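Survey of secondary and tertiary structure
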Amino acid sequence: MRVDCTVNGEPRVADDVWEGESLLYVLRERLGLPGSKNACEQGECGSCSVYLDGTLVCACLVAAGQARGAEVVTVEGLAGRGPAVEGLAGEGLPRGGPGTDRLHPVQAAFLEAGAVQCGFCTPGLLIATHDLLRRDPNPSDARIREALAGNLCRCTGYQKILDAVHLAATRLQASASDPSDPSDPSDPSPSGPAASGGRPAPSRPGTVEDRP
Ligand code: FES
Ligand code: FES
């Protein structure tokens, strides 16, 4: 099966895709975009979160065939939307963003707040935070905990993640009121119908909701 879709603004094609393959597998193994992580493959951890036609989904739960003709935005697609970050140009940065020395303000805030550790959960948290802030530019702690309830971090508590979300919110609001600021707080993809794999926001034990 051929899967052709738009990923991070570019047309991409994957051939010989097995009907049972997930969108996550296609992104990571066929399209060379390893930013979305495979940490549970069961829709439990949120590490594989991407936008599919503007809807936040767990890519591990989306059949690759469902992405045919769709617009996908991965964590790599967030990069390049903010101000240049010194020392970040070049090797090691994900491709997909128009500028390899630029991070999205959400990404920069996670770095600055010390919310990035092993990095397994981080891509999903970044996408989920981006999705939250486009809907609620100034979320409360409770709102953040609810929005990130589907994202598990195995490394530590969530205080620095909360700090990062508040920092990103502040930065994005400032950039929205400053027309000379190159940061782009807008939705990277069009809104679309809910897709299979769409993330619920349940109250689950062991998530950001009930950890320090
Ligand atoms: S890898 Fe998809 S939710 Fe965990
Ligand atoms: S930083 Fe390691 S799982 Fe969150």
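Bear in mind that the values here come from a model prediction, so they are computed numbers and not experimental data.

Considerations on the pairing of strand β4 (residues 55–58)
- Across four bridges, the pairing between strand β3 (residues 49–52) and β4 is antiparallel. In the sheet register, Leu52 faces β4, and the bridge partner there is Thr55.
- Where β3 folds back on β4, the antiparallel hairpin that results is connected by two residues, among which Asp53 adopts a positive phi of roughly 50 degrees.

Description of the packing of helix α3 (residues 105–112) against helix α4 (residues 122–135)
- In the contact formed by α3 and α4, the axes pass within 9 Å of each other and the chain directions differ by 125 degrees. In terms of their interaxial angle, α3 and α4 are classed as oblique. Considering only the axes of α3 and α4, their crossing is right-handed. Each of Val106, Gln107 and Phe110 in α3 lies in contact with α4, whose residues at this interface are Thr122, Leu126, Thr129, His130 and Leu133.
- Tallied by class, the residues present in the contact of α3 with α4 amount to four nonpolar, four polar and no charged.

Some details on the sheet that holds β3
- On the basis of which strands lie adjacent, the open sheet formed by five strands has the order β2-β1-β5-β3-β4 and mixed pairing. Since the sheet does not close on itself, it has two edges, and those belong to β2 (10–14) and β4, each with one partner. Taking the axes of each pair of neighbouring strands and ignoring which way they run, one obtains an average angle of 40 degrees across the sheet.
- Where α4 meets the sheet, its contacts fall on β3 and β4, and the angle it forms with β3 comes to roughly 45 degrees.

Some words on the nonpolar core
- The biggest cluster of nonpolar side chains holds 58 residues, and the ones touching the most others in it are Val26, Val50, Ala59, Ala67 and Val72.
- Once you skip the residues sitting within four places of it in the chain, Ala67 turns out to touch Val3, Cys5, Leu23, Leu52, Val62 and Val72.

Describing helix α1 (residues 23–30)
- Restricting attention to buried positions, one finds in α1 the residues Leu23, Leu24, Tyr25, Val26 and Leu27.
- At the exit of α1 stands Gly32, carrying a positive phi of roughly 70 degrees.

What about the packing of α4 against helix α6 (residues 159–176)?
- The geometry of α4 relative to α6 is characterised by a closest axis approach of 11 Å and an angle of 45 degrees between their N-to-C directions. Our classification of the angle between α4 and α6 gives oblique. Note that α4 runs across α6; the crossing there is right-handed. Of α6, the residues touching α4 (which contributes Leu125, Thr129 and Leu133) are Ile161, Val165, Ala168, Ala169 and Leu172.
- For the contact of α4 with α6, the class distribution of residues is seven nonpolar, one polar and no charged.

Comments concerning the environment of Arg145
- By the element assignment, Arg145 lies in helix α5 (residues 141–147).
- Sequence separation between Arg145 and Tyr158 is 13 residues, and the spatial gap between their C-alpha atoms is 9.2 Å.

Considering the confidence of the model for the protein
- Put simply, the protein has an average pLDDT of 82, and 73% of its residues get 70 or more.
- Per-element mean pLDDT across the protein ranges from 92 in helix α2 (residues 75–78) up to 98 in α1.
- Counted against residues more than four places away or in other chains, residues 86–99, with its pLDDT under 50, gives 28 contacts.
- Across residues 185–195 the pLDDT falls below 50, and counting only partners more than four positions away or on other chains, this stretch makes 30 contacts in the model.

Comments concerning the pairing of β2
- The pairing of strand β1 (residues 3–7) with β2 spans five bridges and is classified as antiparallel. Within β2, the position partnered with Val7 by the bridge is Glu10.
- A loop of two residues connects β1 with β2, the two strands running antiparallel in sequence, and Asn8 in this loop sits at a positive phi of about 50 degrees.

Cut-offs applied
- Residues numbered from 1 in each chain as written.
- Chains lettered and ligands numbered in written order.
- Predicted model: local features only at pLDDT ≥ 70, side-chain atom pairs only at ≥ 80, totals over all residues.
- Pairing = 2+ DSSP bridges.
- Helix = DSSP H or I, 4+ residues; strand = E, 2+ residues; numbered from the N terminus.
- Axes fitted to C-alpha atoms, helices over the stretch in contact; angles between N-to-C directions.
- Parallel < 35°, antiparallel > 145°, perpendicular 65-115°, else oblique.
- Left-handed = near helix turned anticlockwise from the far one by under 90°.
- Contact = placed C-beta atoms within 7 Å.
- Nonpolar A, V, L, I, M, F, W, Y, C, P; charged D, E, K, R; others polar.
- Core = buried A, V, L, I, M, F, W, Y, C linked by C-beta atoms within 7 Å.
- Buried ≥ 20, exposed ≤ 12 C-beta atoms within 10 Å, placed from the backbone.
- pLDDT = per-residue confidence, 0-100.

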